[in-house]
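Inside the fold
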Amino acid sequence: MTDTTDKTPDTGQKNIAVKDAGQKAVADPQPLLDVKNLSVTFSKRKGESFTAVDGVDFDVRPGEVVGIVGESGSGKSVTSMAVMGLLPRRGVTIEGEARFDGTDLLTMPKQELTRLRGGDLAMVFQDPMSSLNPVVTIGKQMTEVLHAHRTISAKDARDEAIDLLRRCGIPDPARRFGEYPHQLSGGMRQRALIAIALACQPRLLICDEPTTALDVTIQAQVLELLTELVRDMGTAMIMITHDLGVVAGLCDHVNVMYAGRIVEYAPREALFASPRHRYTHGLIDSIPRLDQRRDQRLTPIPGTPADTVPWSRACAFAPRCRHVTDACVTDAIPLEEVGFEHRARCVNPASDAENSTQTSQVMASGQMAQEESE
Amino acid sequence: MSSTTHELPERPASLAAVMGEQNVDEKGISLWAGAWRRLQRDPAAIIGGIIVLLFISVALAAPLLAPHQPSSVEWAGEVTPSSLPPASADHPLGLDPFGSDLLTQLLYGARQSLIIGVVSTLIGLSGGLVLGGVAGAFGGWVDTLMMRIVDILLSIPALLLAVSVAAIVGRRPEALMIAIAAAQVPIFARLLRGSMLKQRNQDYVLASFSLGLRRRTIVMSHVLPNSISPVIVQATLTLATAIIEVAALSYLGLGAPDPTVAEWGRMLVKGQERLASAPHLTLLPGICIAVTALGFTLLGESLREALDPKSRRR
């Protein structure tokens, strides 16, 4: 059920991997997180099961920002939860491996994983309203993490926590330290959550749609903060989002997920300049553009994801694809190299000619966000 | 960080004068502090609180307030089968059929109700906290096991248990306590378990796990504090029921065997035969039971409202 053709690219290529100008140069060939063939299956009653993540491969190099993009239900959150070991044990089957710094997170003893989580590996959740304990002060929730991972005196922990709150852009941090989550605004809570996640200077930060619950102005601030902190600390980051704007402004490499599989992997510029998979192409095509006439309608992707089309026999996107061919529904589609560090799972990929008209605008806005934050 | 600064500009002295000293609470408002504020504004809570306070102080200060000894039956000679002596300065509420001072009996009755009610509720609460807490913290087969124990407890009628316990340990107040507590354990256990299970699925618990906190830490410092408030509320309400049950079981003759121990339920029995000629003998202890129970209920209900996040606006 899993294809073997799209396994890890040979190490030779990785060694020579040089990132785009202006990005962090990655000399370390060893990925920080290496996810191979990860599958997550939820079993329902009566023996039925649903595969939410189906043979996903990706890696994150130290200091790199990797995006995972996809619509609701595409399996992006489940992927991150599986990597963090946060899925319930009952009714869930996890296969494959997720090597963090060489050791597999999925088979690691529980105590070791507990030590890693919050230390080297941290996560920022989507909803700042519900991700903080309402009856415990912000300060307590921060120092708790510091105490769990380090031997530190109460006073030092307090000082460090207040300093971290300040770095996360929370005004009057000494006062906020003693306050309860309900006394903070949404943006402030998300900043506090980020501060908590970064408390022990993790090497990998997983952000599961960190800006979805926030309004646009705060979104921009929070993203800017994340970029800056991650760059300062040299932390690698996985940014899970359904917002291509976030990807454009933030990520070095992007994985596009559809119905539990990665359909396209590309460096950020390549993804927007020449998307190959028809799904990615459709996503970028459906973004409203400033140079568009106002009475011109947007180009949506028709339909909704159907889980009746199995990846093992066809392309799951085929029912919604405007360019579907017979080859799309006769066999499993492998993830194939279509360019430098660029892979797509499509038998009838979009050509450069089709791409030339659409991407400049998105790219431009993404670049602007990037430059602004620098 | 270049594009935004989070520092406020320096304030000119004149502006500071207009704004005055900014009053900033160093501490935030905790759930309980907030609840306390709301309670103080709720008339029902105030009435309930006054009744409960009155009841507790009467129970504690009974020896100081009562004009006579509760066990004293020295005026038995003044009581005839058909009549009771009228109230006098020495006996403001008159005598009971056994020749004891009625006011003294009522005051000491509060003491009995409070002791048995509170002790049995405490036993029931701790039993329920342990069963429910363990079930909620571990889940899985532990949960199932604990809930089956609760089911067994639930299947025993409190009355029957009280009679059985009394048959074994003799007619002692402990029998009442055990019986009432056994009936309460399932209430607390189920409440806490349900509340903990609900909290366990909250995002912040997942977030705590993602931060590498141990299960023990998460349960003790995150799940429990969020789950405990309905249990506290229930304890206040259950205290009201316990006081009624104490009276009911004493009425059935299951309390202390000594007839001179003042107890409201027992007083009902004593006054029962003279219901027509001297209704105050049953009415007064009855009112005491009802008012005390009402006090605890009012307090419990307002506490529930005060702790309910949805009513925070008030």
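Scoring rules and cut-offs
- Here the residue numbers are simple positions, counted from 1 along each chain's written sequence.
- The order in which chains are written sets their letters, starting at A; the order in which ligands are written sets their numbers, starting at 1.
- The predicted nature of this model means local features are confined to residues of pLDDT at least 70 and side-chain atom pairs, given and counted, to a pLDDT of 80 or more, with totals for whole chains, interfaces and linings taken over all residues.
- Numbering of helices and strands runs from the N terminus, with a helix taken as a DSSP run of H or I at least four residues long and a strand as a DSSP run of E at least two residues long.
- Note that contacts rest on C-beta atoms placed from the backbone: two residues are in contact if these are within 7 Å.
- Note on burial: count the other C-beta atoms lying within 10 Å of the residue's C-beta; 20 or more is buried, 12 or fewer is exposed, in between is partly exposed, and C-beta positions come from the backbone.
- Helix span, expected: 1.5 Å multiplied by one less than the number of residues in the helix.
- This arc is taken over the directions from the axis of the helix to the C-beta atoms.
- Only strands joined by at least two bridges in the DSSP assignment are considered to pair.
- By definition, a nonpolar core groups buried Ala, Val, Leu, Ile, Met, Phe, Trp, Tyr and Cys residues that are joined through C-beta atoms within 7 Å.
- Interaxial angles span 0 to 180 degrees and are taken between N-to-C directions of axes, which are lines fitted to C-alpha atoms, for helices over the stretch in contact.
- UniProt positions are given in the numbering used here, feature names are shortened, and annotations may be inferred rather than shown by experiment.
- By convention a crossover is right-handed if, when the strands point away from the viewer, the path from the first strand over the helix to the second runs clockwise.
- A residue's pLDDT is the predictor's confidence in that residue, given on a scale from 0 to 100.
- Our angle categories are set so that under 35 degrees counts as roughly parallel, over 145 as roughly antiparallel, 65 to 115 as roughly perpendicular, and the remainder as oblique.
- Note: crossing handedness is left-handed where the near helix turns anticlockwise from the far helix by less than a right angle, and right-handed where it turns clockwise.
- Three classes are used: nonpolar for Ala, Val, Leu, Ile, Met, Phe, Trp, Tyr, Cys and Pro, charged for Asp, Glu, Lys and Arg, and polar for all others, with Gly counted as polar.

Focus on the overall build of chain A
When helices and strands are tallied, chain A shows 13 helices and twelve strands. The long-range fraction of contacts in chain A, counting pairs at least 24 apart against all pairs at least 6 apart in sequence, stands at 66%.

Focus: the overall build of chain B
Across its full length, chain B carries eleven helices and zero strands. Its helices and strands taken in sequence order, chain B reads α-α-α-α-α-α-α-α-α-α-α from the N to the C terminus. Counting over 314 residues, chain B shows a buried share of 41%.

Brief notes about the interface of chain A and chain B
With 35 residues of chain A at the interface, the matching set in chain B holds 27 residues. The set of elements that each furnish at least two residues to the side of chain A that touches chain B consists of α3 (110–116), β6 (121–124), α4 (138–149) and α8 (216–233) of chain A. In terms of residue count, α4 of chain A provides more of the side of chain A that touches chain B than any other element does, four residues in total.

Regarding the environment of G282 of chain A
Its location among the elements puts G282 of chain A in helix α11 (residues 278–285). Separated by 146 residues in the primary sequence, G282 of chain A and V136 of chain A have C-alpha atoms spaced 45 Å apart.

A closer look at helix α6 (residues 158–169) of chain B
Residue and element names in this part refer to chain B. Between the first and last C-alpha of α6 there are 16 Å, a value that for twelve residues agrees with the 16 Å anticipated at 1.5 Å per step. Taken together, the buried positions of α6 are A162, V165 and A166. For α6, the buried positions fall inside an angular range of 100 degrees around the axis, keeping them on one side. Across α6 from its buried face, at more than 90 degrees, point the exposed residues L160, A167 and I168. Close packing links the buried residues of α6 with α7 (173–200) and α9 (215–251). After α6 finishes, the residue G170 shows a positive phi value of roughly 90 degrees.

Digging into the sheet that holds strand β1 (residues 33–43) of chain A
All names here are of chain A. Overall, antiparallel pairing links the four strands, which are arranged β2-β1-β4-β5 in an open sheet. At either end of the open sheet lies a strand with only one pairing partner, and these are β2 (49–60) and β5 (103–104). The pairing of β1 with β2 spans eight bridges and is classified as antiparallel. For V40, the partnering residue across the bridge sits in β2 and is V53.

Remarks on the nonpolar core
Counting residues in hydrophobic clusters, the biggest one holds 179 residues, and the most contacted among them are A195 of chain A together with L176 and A179 of chain B. Dropping the residues within four chain positions of it, A195 of chain A is found in contact with M142, L164, L165 and C168 of chain A.

Looking at the sheet that holds strand β10 (residues 261–267) of chain A
All names here are of chain A. Spatial ordering of the open sheet is given by β6-β7-β8-β3-β9-β10-β12-β11, a layout of eight strands whose pairing is mixed. Strand pairing shows two members of the sheet lacking a second neighbour, β6 and β11 (336–339), which therefore form its edges. Each strand of the sheet is rotated relative to its neighbour by a mean of 25 degrees, with strand direction disregarded. In the sheet, strand β3 (residues 65–69) pairs with strand β9 (residues 253–258) via four bridges, with the strands oriented parallel. Residue pairing across strands places I68 opposite N255, the latter belonging to β9.

With respect to the UniProt feature "domain: ABC transporter" (unreviewed entry) in chain A
Feature annotation in UniProt assigns "domain: ABC transporter" (unreviewed entry) to the following positions: residues 35–284 of chain A. Taken end to end, residues 35–284 of chain A is 39% helix and 26% strand, and its two terminal C-alpha atoms sit 26 Å from one another.

Quick word on the UniProt feature "transmembrane region" (unreviewed entry) in chain B
Residues and elements named next belong to chain B. Per the UniProt record, "transmembrane region" (unreviewed entry) is annotated on residues 44–66, 114–142, 149–169, 175–192, 231–254 and 275–299. Here residues 44–66 is 96% helix and 0% strand, with 29 Å between the C-alpha atoms at its ends. Here residues 275–299 is 80% helix and 0% strand, with 32 Å between the C-alpha atoms at its ends.

Digging into the pairing of strand β8 (residues 236–241) of chain A
Residue and element names in this part refer to chain A. The buried fraction of β8 amounts to six of the six residues, a majority that puts the element mostly inside the structure. Of the two faces of β8, both are covered, the one formed by A236, I238 and I240 as well as the one formed by M237, M239 and T241. Relative to β8, β3 runs parallel, the two sharing five bridges. Bridging from a neighbouring strand, V65 pairs with M237 of β8. One ladder, built from five bridges, connects strand β7 (residues 204–208) with β8; its direction is parallel. Looking at the pairing, I206 lines up with I238 of β8. What joins β7 to β8 is α8, and the crossover it makes is right-handed.

Some details on helix α5 (residues 140–155) of chain B
All names here are of chain B. Between its first and last C-alpha atoms α5 spans 23 Å; for 16 residues at 1.5 Å apiece the expected length is 22 Å, and the two agree. The complete set of buried residues in α5 reads M146, V150 and L153. Buried positions in α5, seen along its axis, are confined to an arc of 55 degrees and lie on one side of it. Among the exposed residues of α5, those pointing more than 90 degrees away from its buried face are G140, W141, T144, R148, D151, I152 and S155.

A closer look at the confidence of the model for chain A
All names here are of chain A. Looking at chain A, pLDDT values average 82 and 86% of them are 70 or higher. The weakest mean pLDDT in chain A belongs to helix α1 (residues 11–15) at 40; the strongest belongs to β3 at 93. Low confidence marks residues 1–27, where pLDDT is under 50. Its contacts with residues over four positions away, or in another chain, come to 31 contacts.

Quick look at unusual backbone geometry
Residue and element names in this part refer to chain A. For N37, which is not glycine, the phi dihedral falls at a positive 55 degrees. With respect to the element layout, N37 can be found in strand β1. The phi torsion at A259 lies on the positive side, around 50 degrees, for a residue other than glycine. Take A259: it is sitting in the loop between β9 and β10.

A few points about the environment of N226 of chain B
Topologically, N226 of chain B is positioned in helix α9. Put simply, N226 of chain B and K198 of chain B are 28 residues apart on the chain and 9.8 Å apart in space, counted from C-alpha to C-alpha. If sequence neighbours within four positions are ignored, N226 of chain B has contacts with N133, P134 and V135 of chain A together with Q199 of chain B.

Thoughts on the packing of helix α8 (residues 203–210) of chain B against α9 of chain B
Residue and element names in this part refer to chain B. With their axes 11 Å apart at the nearest point, α8 and α9 run at an angle of 150 degrees to one another. As judged from the angle between their axes, α8 and α9 are roughly antiparallel. In this structure, α8 meets α9 at a crossing whose hand is right-handed. Note on element contacts: α9 touches α8 through I218, H222 and V223, opposite Y204, V205, S208 and F209. Taken together, the residues that form the contact of α8 with α9 break down as five nonpolar, two polar and no charged.

Here's the deal with the pairing of β10 of chain A
Residue and element names in this part refer to chain A. Of all seven residues in β10, seven are buried; the element is thus mostly enclosed. As paired elements, β9 and β10 share six bridges and run antiparallel to each other. Counted as the bridge partner of V256 is E264 from β10. Following β9, the chain reverses through two residues before pairing antiparallel with β10; A259 in that reversal takes a positive phi of roughly 50 degrees. Alignment of β10 against strand β12 (residues 342–344), held across two bridges, turns out to be antiparallel. Within β12, the residue paired with Y265 across the bridge is R343.

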